[in-house]
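# Working through the structure, step by step
For reference, the chains in residue letters:
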Amino acid sequence: MTVPKPSFYTVFCTVLLCIFTIAFTHAQNLIPNPGFESTKPSVTKLTHEMQNFGKIKDWSALVNSPDMFHPETARVNFKHKANNFLPQFGRQEPRTGEGKVGMYISGGIYKEGIVAKLDQPLKAGKFYYFHMYVSLAEGVSKGCTSSIGSYFSSRKPRITPTSKLKLHVESTEMLCDYQGWTKVCGVYKAKGTENYISLGYFGNNPKGRSLKSASGDMGNAYYFVDDVMLLEMQVTQNLIPQDVCSMVLDFKDIEFLNGESETDSVVEKELDTYIQYVKLFKVDAIKVSGFANDAGSEFENEIMASTRALNVKKYFIDKGIDESLIEIVTAEEEDAMQTADPETYNRVEVEIVAPK
């Protein structure tokens, strides 16, 4: 099956608690400050606490006044402080790190959005994987919607309360979870003129339920946003967008049974998640490190660790991964044991090195 037209790319993915988790270097993420962790040290005074977004590095408010949630907010010398500002929205923890942003997703004068310049322009005809994580704010929201996503443009858009821009990637299901984080995901085909990404909703009538208050006002669907990602894809033939959006993007060490070095079905299933990623996105290298403390002597453990790493490398090659990308790394087990859980000595670490 070939890739469908862009209008069919949008795919909604509910966040699942992934089995695989490890510090993992993705292919080049084109989003600057994707987790909203970096702030502007030069911003020391803002006119009003309810307009605090200027403290976030690389991003700017696109329409109205989205909010920054970050410990650095406490360092800002606001001219005026509004009572209960920020806590009123809810106490949802950031998905990762310390930063997140918040915005109203609604029509008319209440809608909010943010914009950033991409780290590099998109390439004509190339396909890009996009996702961001959202969580409904329970403190002020009286409804939920599916109308939130991303918009790509050559210049910073001029958004007004009456703008009706159609999002390029938009959720296809209701986003009503205020306890966890939900992934909005899709694949976008670039025209080659895109330099900016905008997040929010820029139409007039969001698709949702209970978006109108008793008085008929809009603006009571407020979302936190975190962990934005945009990756260039290198494989598009036979691509099924649903598979791309449901793939594992968080990884952990590959565990081996005591005394075993072969890649059994359990190990191979975990390795397949790396293989899917490497085939879809450009990477510079795959570093494989083996570890063992179950073979006997120090020398025997070194042999076991090396064998495990070589078997993982062989499996990657058998599955079509370019051998020149794969590097066996010799690690000092003593150093590894200082940080590893005792039950994880018998493992292989796989590190994906992103392009610079």
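Preceding this section is the structure that the text describes.
Residues numbered from 1 in each chain as written. Predicted model: local features only at pLDDT ≥ 70, side-chain atom pairs only at ≥ 80, totals over all residues. Heavy atoms only, no water.

## Looking at the nonpolar core
The test is simple: Throughout, nonpolar core names a set of buried Ala, Val, Leu, Ile, Met, Phe, Trp, Tyr and Cys residues whose side chains join them through atoms within 4.5 Å. The rule is simple: take the accessible area with a 1.4 Å probe, protein chains only, and divide by the maximum for that residue type; under 20% is buried, over 50% is exposed, in between is partly exposed. The helix count covers DSSP runs of H or I at least four residues long, the strand count covers runs of E at least two residues long, and both are numbered beginning at the N terminus. By definition in these notes, contact holds between two residues if any of their heavy atoms fall within 4.5 Å.
Among the nonpolar cores identified, the biggest contains 43 residues, and Trp59, Leu122, Met132, Leu199, Tyr223, Val225 and Leu230 are the most heavily contacted of them. Listing elements by their share of this core, those giving two or more residues are strand S2 (59–63), strand S4 (100–104), strand S5 (113–117), strand S6 (127–136), strand S8 (149–153), strand S10 (182–189), strand S11 (196–200) and strand S13 (222–232). If you tally residues by element for this core, the top one is S6, at five residues. Residue contacts for Tyr223: discarding those within four places in its chain leaves Val101, Gly102, Met103, Ile105, Val134, Ser135, Leu136, Ala137, Cys144, Thr145, Ile148 and Leu175. Core analysis: the next-biggest nonpolar cluster, separate from the first, contains 34 residues, Phe127, Tyr129, Cys245 and Val283 among them.

## Section: the pairing of S8
Defined as follows: In this scheme, strands are said to pair when DSSP sees at least two bridges between them.
For S8, a buried count of five out of five residues is recorded, marking the element as mostly surrounded by other parts of the structure. Pairing geometry for S8 and strand S9 (residues 169–170), over two bridges, is antiparallel. Each bridged residue has a counterpart across the sheet, and for Ser150 the counterpart in S9 is Val169. Pairing between S8 and S11: five bridges, direction antiparallel. When the sheet's bridge partners are listed, Ser153 is paired in S11 with Tyr196.

## Considerations on the pairing of S5
Of all five residues in S5, four are buried, a share of seventy percent or more. In terms of strand pairing, S2 meets S5 through four bridges, oriented antiparallel. By the bridge assignment for S5, Ala61 is matched with Ile114. As paired elements, S5 and S11 share five bridges and run antiparallel to each other.

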